[in-house]
Amino acid sequence: MTPYVARGEFHQTLRLSKENVEAERGPLSLATSVPARRLELRFGKMSTVDVFDVNGVGSDSHLQFMNWTVDNNGAYDYAADTRGYTYGFVAEYQSKGWAFRFGEMLMPTVANGIDLDWNLRRARAENYELELRPGLLKKLLKDRKSVVRLLAYENHANMGDYEAAVARYQAAQDPRPIIENTRRQGTVKYGFGLNAEQELPRDLRVFLRLGWNEGQHESFAYTEVNSTVSAGADMAGGHWHRKLDKVGAAVVSNGISAAHQAYLRDGGLGFLLGDGGLRYGRENIVESYYTFHAWRGVYLSADVQYIWNPGYNRDRGPVLVPSVRLHLEF
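Quick summary incoming for the structure in this document. (Residues numbered from 1 in each chain as written. Predicted model: local features only at pLDDT ≥ 70, side-chain atom pairs only at ≥ 80, totals over all residues. Heavy atoms only, no water.)

A short note on the overall build of the protein chain
Right, so step 1: When its secondary structure is counted, the protein chain shows 4 helices and 15 strands.
Right, so step 2: Relative to a compact globule of 330 residues, whose C-alpha radius of gyration would be 20 Å, the protein chain shows 21 Å and is just as compact.
Right, so step 3: Across its three principal axes, the protein chain shows a C-alpha extent of roughly 65 × 45 × 45 Å.
Right, so step 4: By residue count, 45% of the 330 residues in the protein chain fall in the buried class.
Right, so step 5: When contacts within the protein chain are restricted to residue pairs at least 6 apart in sequence, those whose partners lie at least 24 apart make up 66%.
Right, so step 6: Approximately 16,600 Å² of the protein chain is accessible, and the part contributed by carbon and sulfur atoms is 58%.
Right, so step 7: Within the protein chain, the 39 negative side-chain charges are centred at a point lying 5 Å from the centre of the 39 positive side-chain charges. (Helix = DSSP H or I, 4+ residues; strand = E, 2+ residues; numbered from the N terminus. Rg over C-alpha atoms; globule rule 2.2 N^0.38 Å. Buried < 20%, exposed > 50% of the residue type's maximum accessible area, 1.4 Å probe, protein only. Contact = heavy atoms within 4.5 Å. Areas by Shrake-Rupley, 256 points an atom, 1.4 Å probe, with all protein chains shown as cover. Lys, Arg positive; Asp, Glu negative; His and termini not counted. Charge placed at Lys NZ, Arg CZ, Asp CG, Glu CD.)

Have a look at this one:
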């Protein structure tokens, strides 16, 4: 076993107002209050989704959902190495009613690779997110928090093209579609996402995510999804006298583009998918969990997922995936 550093970053907050607001302490920030209007700068090794596509109901696989496409927007092919980390710079403007953040990240040299490309002229990832906190629902629901996040990203990397790989196979240039034979440095892949969460009475919270990417170029860093919709809810256990317990449920439907389908149907392989054929169907998942606070920083969870058409293949599944989880906090 070889240890590695997951995160190591410089974080500077620049005050733009005299007023302070409360802040929740966490692993990435120890501040209990911050300026109401501020500019935050981050630089170093991080996970892109430490900052982008964050959702209070579905972002923490330590204590919440375990499926990748519930924890994050499945169509967000965010910059990361094999372990999920990258180096980058993030600038974030925060005010009471809205926020905007921009991030420049390093991309891996190959799909799902461990090595990052440090030459920004040929490989990089731009990430943009506008966060809105509408006041209308807050008034109607007696100060219950509402958040809507609009995401866009653009990846530049040595990526292949599904249509070109199929064309080479059909022209008998390759024995099957081979995405690696179509890679070109500086290829661009882009996508968009919507991420919303709403607090409701009785410690209930709900969320919704929508995502899409252009689907012509290969899935490169996160997972093989070109379109997704997910929704779910969680509830804290105060009503049954277990205020640190939590129960949650979510549904998600993922799809891939026509070009991606054709590539897999003709025998192509991705970094996650491919078994020589494909009878396409959207991959649909239901997940539920219960997290039990055992003692101080000790949490135990039971989780179950039911998956229809795993790997988008109607000839596979359905599959039941039960899990147990132990989480320790010091």
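Some words on the nonpolar core
Right, so step 1: Of all hydrophobic cores here, the largest spans 19 residues; its most connected members are Phe-52, Tyr-76, Tyr-78, Val-90, Met-105, Met-107 and Phe-220.
Right, so step 2: Once residues lying within four places of it in the same chain are set aside, the contact partners of Tyr-78 are Ser-47, Thr-48, Val-49, Asn-72, Gly-84, Ala-221 and Tyr-222. (Core = buried A, V, L, I, M, F, W, Y, C linked by side-chain atoms within 4.5 Å.)

Some details on the environment of Gln-305
Right, so step 1: For Gln-305, the position within the fold is in strand E14 (residues 298-308).
Right, so step 2: Along the sequence, Gln-305 and Met-66 sit 239 residues apart, while their C-alpha atoms lie 8.8 Å from each other.
Right, so step 3: Discounting residues that sit within four places of it in the chain, Gln-305 has contacts with Met-66, Asn-67, Ile-285, Val-286, Glu-287, Val-319, Leu-320 and Val-321.
Right, so step 4: Within the structure, Gln-305 has its side chain in polar contact with the side chain of Asn-67 (distance 2.9 Å). (Polar contact = N/O pair within 3.5 Å; in protein donor to acceptor, adjacent residues only side chain to side chain.)

Considerations on the packing of aromatic side chains
Note on aromatic pairs: each is described by the distance of the centres and the angle between the planes.
Right, so step 1: Counted by the stated rule, this structure contains 17 aromatic pairs.
Right, so step 2: On the basis of an interplanar angle of 50° and a centroid distance of 5.3 Å, the ring pair of Phe-102 and Tyr-128 is categorised as tilted. Of the two residues, Phe-102 sits in strand E6 (residues 98-105) while Tyr-128 sits in strand E7 (residues 124-132), which places them 26 residues apart along the sequence.
Right, so step 3: Members of the aromatic cluster, joined through ring pairs, are Trp-68, Tyr-76, Tyr-78, Tyr-153 and Tyr-222.
Right, so step 4: Sitting above the plane of the Tyr-4 ring, Arg-83 keeps its charged end 4.0 Å from the centroid. (Phe/Tyr/Trp six-rings, centres within 6.5 Å; stacked < 30°, edge-to-face > 60°. Lys NZ or Arg CZ within 6 Å of the ring centre and 35° of its normal.)

Here's the deal with the pairing of strand E5 (residues 86-94)
Right, so step 1: Across the two faces of E5 the burial differs, with Thr-86, Gly-88, Val-90, Glu-92 and Gln-94 buried and Tyr-87, Phe-89, Ala-91 and Tyr-93 not buried at all.
Right, so step 2: Where strand E4 (residues 38-46) meets E5, 9 bridges bridge the pair, whose relative direction is antiparallel. Looking at E5, one finds that Leu-41 is bridged to Ala-91.
Right, so step 3: The pairing of E5 with E6 spans 7 bridges and is classified as antiparallel. Paired with Gln-94 across the strands is Ala-99, a residue of E6.
Right, so step 4: Joining the antiparallel neighbours E5 and E6 is a turn of 3 residues. (Pairing = 2+ DSSP bridges.)

A closer look at the packing of helix H3 (residues 162-170) against helix H4 (residues 258-265)
Right, so step 1: As a packed pair, H3 and H4 sit with axes 8 Å apart at the nearest point and diverge in direction by 35°. As for the relative orientation of H3 and H4, their crossing is left-handed in sense. Together, Tyr-162, Glu-163, Ala-165 and Val-166 of H3 and Ala-259, His-260, Ala-262 and Tyr-263 of H4 make up the contact between the two elements.
Right, so step 2: In terms of residue class, the contact of H3 with H4 is made up of 6 nonpolar, 1 polar and 1 charged. (Axes fitted to C-alpha atoms, helices over the stretch in contact; angles between N-to-C directions. Left-handed = near helix turned anticlockwise from the far one by under 90°. Nonpolar A, V, L, I, M, F, W, Y, C, P; charged D, E, K, R; others polar.)

Structural notes on the pattern of salt bridges
Right, so step 1: For the coordinates displayed, the defined rule picks out 22 salt bridges.
Right, so step 2: Here Lys-96 ties to Glu-19 by a salt bridge, and the two come within 2.8 Å at their closest N and O atoms. Placement of Lys-96 in the loop between E5 and E6 and of Glu-19 in the loop between strand E1 (8-15) and strand E2 (20-22) is noted, with a sequence separation of 77 residues between them.
Right, so step 3: Overall, Lys-96 belongs to the exposed group, its relative accessible area being 54%.
Right, so step 4: Judged by relative accessible area, which is 41%, Glu-19 ranks as partly exposed.
Right, so step 5: Here Glu-218 makes a salt bridge to Arg-183, at a shortest N to O gap of 2.8 Å. Of the two residues, Glu-218 is situated in the loop between strand E10 (204-213) and strand E11 (227-237) and Arg-183 in the loop between H3 and strand E9 (184-200); the sequence distance between them amounts to 35 residues.
Right, so step 6: For Glu-218, a relative accessible area of 4% corresponds to the buried category.
Right, so step 7: One network of salt bridges, with partners in common, ties together Glu-9, Arg-38, Glu-40, Arg-42, Glu-92, Arg-101, Glu-129, Glu-131, Arg-133, Arg-149 and Glu-197. (Salt bridge = Lys/Arg side-chain N within 4 Å of Asp/Glu carboxyl O.)

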